[in-house]
Structure formats: C-alpha cells, structure tokens
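The lines below spell out each chain.
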Amino acid sequence: MSDQQILKKNLDALGQQDREFVAFLSQQNLSQINRKRDFPAALVLPQGLHPKGLIVIIGWCGEEAFLKVTQTYPEATVLVVDNQWHDFAYSLCQGDLSESLVQKQYGFLIGVKPEALHEKLLTYFLRPGISDSLPALSCVVNPKVTKADEPYFQEFSQTLTRTIEFFWNAYIADGYQDFLIGTDYLLQNLKHIDRMSALEPYAGAFKDRLGVVVSSGPSLDQHLPWLKANQDRVLMLCADSALKKLLDQGIKPFAVCSIERIDRLANVYRGFEIPKDVSLIHLPVTPPEIADHFPGVIFPVFTNVFPFNFLPELVTKRNLASSCAHLALQMLIHFGCQRIALIGQDLAYDPKTGSSHYNGMFAYAVEHEKERERIEVMGNNGNQIQTTKIWQGFRDYFSMIIRQNPQVSVYHVIDPNYGAKIDFSEHWQPDKFEQESQNWTQETVEFDHCLGQEFIAERKKSFVKALEEWKHDTKVCFEKLSVEFEKASLSNKSEFETWWAQLPNMVGESSFAIFDAYFMAKIRRFTAAVKTLWDEEEFRAYWPAFKEEACRSMKELIAVLYP
C-alpha cells in the first residue's frame, strides 16, 4: 500500500474511537510532516506489567514500540498520551496500525490541551470495561519526550491522579463492601421488574419541550415562583434531595432521579406523599426501600461500571452520571430536549450565608457537607467562590456532558453572585431566562408508559434466565476462591506469584475478574500490579488478615447472591 492508503486505513480505524481528533488531522498536510523526535531503538518494557491492566504510554514511542506493547500484552488496556501530534501523525503514514487503533480498550490522548485532559481522561475511563483495568495501572515512558515537555507531563500526572480518584469515588466506590451493597440492592430492586419502564422507546419524544433540571443548591429558593408558574410548560426532572421542597411548594416534576447506594438516601423520600404520576429514574443500586414505597413508574438505568457490567443486559448500559443532576441532564438529552435549564445547580457554597443547600434542606445532608475540605474555583461573577473537590468534579462532568452534546443549548440559570462557573454552558440571569423562555414553543406530549413496559416485558424472560446463570457461576467461583485462600500457605514471592497466576484457571476466569477488580481494590487501588505487592513489607505483614478478610467477604457475596 502507498503511504496515503496506509494513512486512510489508519484514520478510518482511529475515527471509530475519536472522530474529533481525526477531523483535526484530516485538515493538516500530513505529507509534509517529518518525524521530529528520536524514538527508542528498542523499547524496554518495565517489569511487572499486569497482562490485563491499564498500560499508559507516556510520550509516543513510534509505531514499532506501540505494536510491541499491544502484541506483548494483547489483553491489556492501553492509553497513549503525548502533547505533540506530529510524530503520531507521521506514524499513521508509515505502518498499518488499523487493527490496534480500532480496539475499544485502546485510547489516544494526542495533542490534548492541559485544560481538556480531565474531560478526555474521564471520557476514556467511561468506556465499557475500562474501569476493570484501573486497579493495575502502570506506565511505559519515552524519556526523551517527557524531558523535552516536562511541564505538560507533570500536568498530565496530576490530572490522571485527580481523574482516577474522582472516577473511583463517583463510580466504583470503595472496595468490596460497596460492591456487596450495590449487588445486594440491585438484586432486591429487580423484584420490581414488572412495574419498570425502559427509556429506549422515548428517545427524542420531547424535542419541542424546554427541559429543566432542578437541583438543591442555595439558589433554588429564588426560582420556586417561576417553577410553580411554568411546571406544565416544561419537562422537569429533579434531584432526589429537591423533591420534597418542590412538592411542598405545589410543584410537581415529571420524574425524580437517584443514583446513590447509601442507606441515608432513603431519608429524602420519607415523611411526605409522592404523587403517582411522578416517575423514578434511578440506578437500581439505591436502597430498596425507595422503590418498595415509590408509587409511580420506575425507569431503571444500567451503567457500564460495577455492578452492572458483570450482569446480563436488560436495558441499554449507559455512561450517564456521577450525580443525580447529571443523570437528569442526560435523560433530558435522551428525551430530545434541545433547550435545557440548570436551576439550583450552585456547586458552591452560598457566598453570603455559607449554606450548601436550599433553605430547609435535610439536616443530614447539610451536616455531611460541613465535613468537606473547601477549595476555590471560578464563580459566575468572575471571582473565586468556595466549593469542594467533589463539587469541582461534578462541575467538570457537567462541562463534559455539555461539550459532547453540541446540538443542545444548556442554560445555567443563576444569579451571578451564586454558583461555580460551568464551562460550555450559557450563564443566564434569572430575569432574562424567565422573559425569553416565554417565547419558546411548548407542546404537550403524551407519555405512554406502556411502550417502555412492553420493552422490558419482551426481554424479561431471557434476562432472568441469564441472571440466574450468572449468580450460579459467580457463587461457584467464590466458593472455590474461598477454599483456595483458606488453604494458601505462601512463604515467598515466587510461591505468591505462581499461586496468583493460577487462580483464574482454578476458579473460572470470567467470574474471577470480579474479585480481581473490586476485592483487590482495597489493597492496591490504582497504584500497583498484584505481583509487586509481595515486594511491599506492609502487604506481607497484612497477608494473614487479608486472607481472613477475603474469605469472609467472598462468603458474604455468596449470601447476597443466594440469601
């Protein structure tokens, strides 16, 4: 093939992963690009790379080096990061990389500006299956590149740590106890399958409606009169913590959104009556008490991360949210709303009172926020405003959603003295929004829940059968794992590595992935491959306790699967 044929084949493959970057490259005169940096003549891969972990190639090392990594570790997840795109583009003209470029577990952050790294990294981690590789992250470094562009790669290192911490806390949670809770609640919530409705049939159904996301920030109180007057003219979704406030004010949303598995979440649904025509859109890892007593239709949302990624498919698995407000925004986009207003979305403390939520918010939530360490970010008035790291992550996630959906206009409706600035949204003063929104056409759309319920019913039988098979296989796997841990007597590194390498074959590789990704997360998180643990004195000292804890936790999961 000619250079141009090779280039086209590579760009076509890469376009399946990153159309935006390919569009940029296609505008360049690649035939005039010459390689600017020297690559290692023979790339030496570091010891201890996890064969199924995440390998980050820092600095493009050339097509031969990239193929060496991907061929040596064909089951690994690979992420390539480089500030300069010229060498990468040159390589696309020199060798056929198409088979590797099309692989879903490979990612390329080439020429990404520092301020966009967090969004790009988070987008990559949200791909199906990527999260399973995070506990075993390792790096392959091109020292010539990193030394020549040291400030950029220092920024990348800090952003990588920040993004993984946010992703882990928001999606994966903290080790096996959260896995157990999420799995337990999910299995309990599935008993409501006959009253569930799928989201799939309603894509684009509300394209002529103004969508409104109502959150529980301090500024919400200012918007209540407008919400009450216009509730029948908009498609309103609210965060769970705002539901009681709205109903108390005579405001009825179309649906309330929930995503958290924490027990105290049930508190926000207690002590008041919920109308039957208010729907629940939730990740079914929420406390079962919520669905048990919710009178309306339930829309389950399955995501591409735990525990859903191990389960058979009932509805489409989506990458939607790290907060219930994100879920609400993504749902309005799914419903086709082309204009969406964010109301009560402060993501910062009230600059006057220091409040974290609207007046009258549930006490437990207010007390919880008082414990968080505060930082400063840019506010809507151009000055610094106090927030927290978790809210900063939520703000960044909003920006990512908005940027990835250019067909939608998202208005951050808030007094400029309130709230953190959300990039890519349009900041509108409340009075301007209230006036302009009167001119937007609103049409009533009948919502036929039967369509979504029929969608679920058509898939119920095969899903239940596949779920029982998964539960059985996982139960067998963890029974075997428990036996192996109880009898394991390891005295040195060699024994440990040999024993660990054999475990997948002993107990079943597919179900072993659950243990490898989430039970081991408590020990290593994203900092080390398993085989390096034995080199750490702290781990060797902890090994007896870890054995005991691992056996207990596996038995707990068996009890969850078959109570």
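Only a predicted model underlies this, so the values are computations on that prediction, with no experimental measurement involved. (Residues numbered from 1 in each chain as written. Predicted model: local features only at pLDDT ≥ 70, side-chain atom pairs only at ≥ 80, totals over all residues. Heavy atoms only, no water.)

Participant: Quick question: what am I supposed to make of the nonpolar core here?
Facilitator: The tendency in soluble globular proteins is for nonpolar side chains to be buried as a group. In terms of nonpolar packing, the biggest core is built from 114 residues, with Phe-125, Leu-329, Leu-481, Phe-485 and Phe-515 touching the most fellow members. If we ignore the near neighbours within four places in the chain, the residues touching Phe-125 are Leu-54, Ile-130, Ser-131, Leu-134, Leu-160, Thr-163, Ile-164 and Phe-167. One finds Ile-274, Val-278, Phe-294 and Tyr-358 within the second-largest nonpolar core, a separate group that totals 37 residues. (Core = buried A, V, L, I, M, F, W, Y, C linked by side-chain atoms within 4.5 Å. Buried < 20%, exposed > 50% of the residue type's maximum accessible area, 1.4 Å probe, protein only. Contact = heavy atoms within 4.5 Å.)

Participant: Would you explain the packing of aromatic side chains in this entry?
Facilitator: The geometry of two aromatic rings is summed up by the distance between their centres and the angle between their planes. Under the counting rule described, the total for this entry stands at 31 aromatic pairs. Ring plane angle 50° and centroid distance 6.3 Å describe the contact between Tyr-411 and Phe-433, whose orientation is recorded as tilted. Taken together, the positions of Tyr-411 in strand S15 (residues 409–413) and Phe-433 in helix H16 (residues 430–436) put the pair 22 residues apart, joining distant regions of the chain. Judged on exposure class, the residue Tyr-411 and its partner Phe-433 are both buried. An aromatic cluster is defined as three or more aromatic residues linked by ring pairs; in this entry it consists of Phe-21, Phe-24, Trp-60, Phe-66, Trp-85, Phe-88, Tyr-106 and Phe-108. Of note, Arg-374 hangs over the ring of Tyr-349, and the distance from its end group to the ring centre comes to 3.6 Å. Stacked on the ring of Tyr-562, the Lys or Arg Lys-475 has its end atom at 5.9 Å from the ring centre. (Phe/Tyr/Trp six-rings, centres within 6.5 Å; stacked < 30°, edge-to-face > 60°. Helix = DSSP H or I, 4+ residues; strand = E, 2+ residues; numbered from the N terminus. Lys NZ or Arg CZ within 6 Å of the ring centre and 35° of its normal.)

Participant: Whenever I open this one, the packing of helix H13 (residues 324–334) against helix H15 (residues 389–403) confuses me. Can you help?
Facilitator: Helix packing for two helices is described by the angle between their axes and how far apart those axes are. Running from N to C, H13 and H15 point in directions that differ by 10°, and their axes come no closer than 10 Å. By the angle class used here, H13 and H15 are roughly parallel. Judged by residue contacts, Ala-325, His-326, Leu-329, Gln-330 and Ile-333 of H13 engage Phe-394, Tyr-397, Phe-398, Ile-401 and Ile-402 from H15. Of the residues belonging to the contact of H13 with H15, the class tally is eight nonpolar, two polar and no charged. (Axes fitted to C-alpha atoms, helices over the stretch in contact; angles between N-to-C directions. Parallel < 35°, antiparallel > 145°, perpendicular 65-115°, else oblique. Nonpolar A, V, L, I, M, F, W, Y, C, P; charged D, E, K, R; others polar.)

Participant: Is there a simple way to explain the pairing of strand S14 (residues 384–388) in this structure?
Facilitator: Remember that side chains alternate between the two faces of the sheet whenever the strand is regular. Where strand S13 (residues 374–378) lies against S14, five bridges are found, and the strand directions are antiparallel. Note that in S14 the partner of Met-378 across the bridge is Gln-384. Hairpin geometry of S13 and S14 is characterised by an intervening segment of five residues between the two adjacent antiparallel strands and by a positive phi of about 90° at Gly-382. (Pairing = 2+ DSSP bridges.)

Participant: Mind showing me how you'd approach helix H3 (residues 63–72) here?
Facilitator: What sets the pattern is the α-helix's 3.6 residues per turn: residues three or four places apart point alike. Listing the buried residues of H3 in full gives Glu-63, Ala-65, Phe-66, Val-69 and Thr-70. Burial along H3 is one-sided: seen end-on, the buried residues are contained in an arc of 165°. In H3, the exposed positions angled more than 90 degrees off the buried face are occupied by Glu-64 and Gln-71. (Arc of directions from axis to C-beta.)

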